[in-house]
Each structure stands twice: as structure tokens, then as C-alpha cells.
Amino acid sequence: MSCRSATDERNEPIVAGVDGPGSARQAAFWAADEARQRNVPLRLATAVHVPTFDYPGSDVPVANFTDQASADADRRLATVRSEIHEL
């Protein structure tokens, strides 16, 4: 087991989850401000739910769905990043 000091934690990046408008965006703005104040990196993360389509008779290719979900997540992160840079 390793021990970390408060000094070590001050150098850790700030991480915020972005899953859409509202409170998630506000959390990202808070995290960006906190990262600036601490002079540490900001890491934004998002996740998508990928339902199971792999069953007989399914007509939705999983690859198409995951590609679209990934593109949506990329757009969501890009939007929040640009809004943060405008602050």
C-alpha cells in the first residue's frame, strides 16, 4: 500500500464527466476553473450506453451503432471544450 501526501494530490489532473447539458456542463466548468487555479491538467470523460443487438433477427449492425455513439460522444466533448475555452 502506498501513501500519498496532499502535495502529491495537488498535482493530479482534475477529471469531470460530461454526459449532456445541465449539471454535467456545470461540473465541467467548475472542473476547468479548479484545474486553472491549481495549474493542473483537465480531463473530460464521457460514456455511452451500447445496447446488445447481437441476437437472431436483429437488423441494427452493432458497428454502425457504436460508430454513431462514438461520434456523438466526440461532439459532446468538443462542445464542452470549446465552451470552456470561451470562459
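Not measured: the values here are computed from a predicted model. In every chain, residue numbers begin from 1 and rise along the written sequence. Reporting in this predicted model follows two pLDDT cut-offs: at least 70 for local features of residues, and 80 or more for side-chain atom pairs to be given and counted; totals over whole chains, interfaces and linings ignore these cut-offs and use all residues. Excluded from the side-chain calculations are hydrogens and water; all other atoms, namely the structure's heavy atoms, are used.

Participant: Sorry, what's going on with the overall build of the protein chain here?
Facilitator: Counting its regular elements, the protein chain contains three helices and two strands. For the protein chain, the α and β elements follow one another from N to C terminus as α-β-α-β-α. Any two residues having at least one pair of non-hydrogen atoms within 4.5 Å are treated as being in contact. Counted over contacts in the protein chain with a minimum sequence separation of 6, partners at least 24 positions apart contribute 66%. Per-residue and other accessible areas follow the Shrake-Rupley method at a 1.4 Å probe size, with only the shown protein chains counted as cover for residues. When the accessible area of the protein chain is evaluated, it comes to approximately 6,400 Å², of which 51% is carbon and sulfur surface. In this text, helices come from DSSP runs of H or I with a minimum length of four residues, and strands from runs of E with a minimum of two, each type numbered from the N-terminal end.

Participant: Sorry, what's going on with the side chain of Glu34 here?
Facilitator: Tracing the chain through its elements places Glu34 in helix α2 (residues 23-38). Buried, partly exposed and exposed residues are distinguished by accessible area as a fraction of the type maximum, computed with a 1.4 Å probe on protein chains only: under 20%, between the cut-offs, and over 50%, respectively. The buried category is assigned to Glu34, whose relative accessible area is 16%. Two N or O atoms form a polar contact when they lie within 3.5 Å of each other; inside protein one atom must be a possible hydrogen donor and the other a possible acceptor, and for residues adjacent in sequence the pair counts only when both atoms belong to side chains. Reaching out from Glu34, the side chain makes a polar contact with the side chain of Arg38 at a distance of 2.9 Å.

Participant: What exactly am I supposed to notice about unusual backbone geometry here?
Facilitator: The bulk of non-glycine residues show a negative phi, and the bulk of peptide bonds are trans. A positive phi angle is found at Asn39, which is not glycine, with a value near 60°. Here Asn39 shows up in the loop between α2 and β2 (42-45).

Participant: Teacher, can you tell me more about the environment of Asp72 here?
Facilitator: Summarising the element assignment, Asp72 is placed in helix α3 (residues 62-86). Residue class for Asp72 comes out partly exposed when judged on its relative accessible area of 30%. Put simply, Asp72 and Val48 are 24 residues apart on the chain and 8.9 Å apart in space, counted from C-alpha to C-alpha.

Participant: Help me out: how do you make sense of α2 in this one?
Facilitator: One full turn of an α-helix is made of 3.6 residues, so residues set three or four places apart face in the same direction. For α2, with 16 residues, the first-to-last C-alpha span of 22 Å sits near the 22 Å given by 1.5 Å per residue. Every buried residue of α2 is accounted for by Ala24, Ala28, Phe29, Ala31, Ala32, Glu34 and Ala35. One or two steps after α2, the chain reaches Asn39, where phi turns positive at roughly 60°. Each helix should span, by expectation, one fewer than its residue count multiplied by 1.5 Å.

Shape descriptors only; they carry no functional weight alone.
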